[in-house]
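Survey of secondary and tertiary structure
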Amino acid sequence: RNAILDLEQMSRKYPESIPIRERLIIAHLKANSPEKAQDVITDGIALMPEEGTWYEALGDYYFALPTPDLMKSTSAYLDAYSREPSRALLRKINIATRGTGKWDYDAMLELIQRSNFEQENDPVTIGLYARSLAGKGAYDQANRHLRRAYGIQQDLIDQGVLPESAIIIWYEDLFVV
């Protein structure tokens, strides 16, 4: 409790300090106060709207709920990616969208079409694109992209860039589509 009070005081004194806010989020989560952790995240977004860190934290929050909110988590991850693209975020988006639950297909398609994603030769991104298309009901297009992703993924495996087990990702995409 005292640690939270100290961190809250430090957060008021240094409102744009990312490490202090991150520690405060963790402290609230450990104290079983997820709503307060969410408040710290949304305050971070309000104070630093161009900082992808807070959108990523919001995506993590929604994804970690006992019943994950895939719509909100993918939307937050995509907001983070549009601000600060990274492979780590791409992995989080891929994990959050891997199942059969509904997520923000439109936001994913929009982000990919804005060319923030290097889709051309990346089987992971092609899989995301295909799953987005399938979510919108464009199954023929999705299947065409998955066939292309398979060829690229198999080439990368043959070249030794990816391990043979990486083909599982393609099969998971195929299952979802």
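Source: prediction; values computed, not measured.

Some details on the packing of helix H2 (residues 18-30) against helix H3 (residues 34-47)
Two elements in contact, H2 and H3, have axes separated by 7 Å at closest approach and are oriented at 160°. Put simply, H2 runs roughly antiparallel to H3. The crossing of H2 and H3 is left-handed. Where H2 abuts H3, its residues Arg21, Leu24, Ile25, His28 and Leu29 lie against Pro34, Lys36, Ala37, Val40, Ile41, Asp43, Gly44 and Leu47. Across the contact of H2 with H3, the residue classes break down as 8 nonpolar, 2 polar and 3 charged.

A short note on the packing of helix H7 (residues 105-113) against helix H8 (residues 123-135)
For the pair H7 and H8, interaxial distance at closest approach is 9 Å and the crossing angle is 135°. Here H7 lies oblique to H8, going by the angle between them. Crossing angle aside, the handedness with which H7 passes H8 is left-handed. Between H7 and H8, the residues in contact are Tyr105, Met108, Leu109, Ile112 and Gln113 and Thr125, Leu128, Tyr129, Arg131, Ser132, Leu133 and Gly135, respectively. Residues belonging to the contact of H7 with H8 are distributed by class as follows: 7 nonpolar, 4 polar and 1 charged.

Notes on the pattern of salt bridges
The full count for this structure, using the stated rule, is 7 salt bridges. One salt bridge connects glutamate 172 with arginine 98, and the closest N-O pair in it is separated by 3.4 Å. Separated by 74 residues along the polypeptide, glutamate 172 in helix H10 (residues 167-176) and arginine 98 in the loop between helix H6 (87-96) and H7 bring together distant segments of the chain. What emerges from the salt-bridge pattern is a single network uniting Arg98, Arg131, Glu172 and Asp173.

Some details on the layout of surface pockets
Empty space within the largest pocket amounts to approximately 170 Å³. Taken together, Glu8, Ser11, Arg12, Arg21, Leu24, His28, Lys36, Asp39, Val40 and Asp43 form the lining of the largest pocket. For the lining of the largest pocket, the leading source of residues is H3, giving 4 residues. Considering only residue class, the lining of the largest pocket consists of 2 nonpolar, 2 polar and 6 charged.

Notes on the packing of aromatic side chains
Counted according to the given criterion, the structure contains 4 aromatic pairs. Look at tyrosine 61 and tyrosine 62: their rings are 5.5 Å apart centre to centre, the planes differ by 65°, and that puts the pair in the edge-to-face class. Using a relative accessible area of 12% as the deciding quantity, one classes tyrosine 62 as buried. Ring pairs connect the aromatic residues Tyr150, Trp170 and Tyr171, which therefore count as one cluster. The positively charged end of arginine 83 is found above the aromatic ring belonging to tyrosine 55, 4.0 Å away from the centroid.

Parameters at a glance
Residues numbered from 1 in each chain as written. Predicted model: local features only at pLDDT ≥ 70, side-chain atom pairs only at ≥ 80, totals over all residues. Heavy atoms only, no water. Axes fitted to C-alpha atoms, helices over the stretch in contact; angles between N-to-C directions. Helix = DSSP H or I, 4+ residues; strand = E, 2+ residues; numbered from the N terminus. Parallel < 35°, antiparallel > 145°, perpendicular 65-115°, else oblique. Left-handed = near helix turned anticlockwise from the far one by under 90°. Contact = heavy atoms within 4.5 Å. Nonpolar A, V, L, I, M, F, W, Y, C, P; charged D, E, K, R; others polar. Salt bridge = Lys/Arg side-chain N within 4 Å of Asp/Glu carboxyl O. 1 Å grid on protein atoms, 1.4 Å probe; cavity = no way out; pocket = protein on both sides within 12 Å on 5 of 7 lines; lining within 4 Å. Points joined across faces, edges and corners; volume = space filled by probe spheres on them. Phe/Tyr/Trp six-rings, centres within 6.5 Å; stacked < 30°, edge-to-face > 60°. Buried < 20%, exposed > 50% of the residue type's maximum accessible area, 1.4 Å probe, protein only. Lys NZ or Arg CZ within 6 Å of the ring centre and 35° of its normal.

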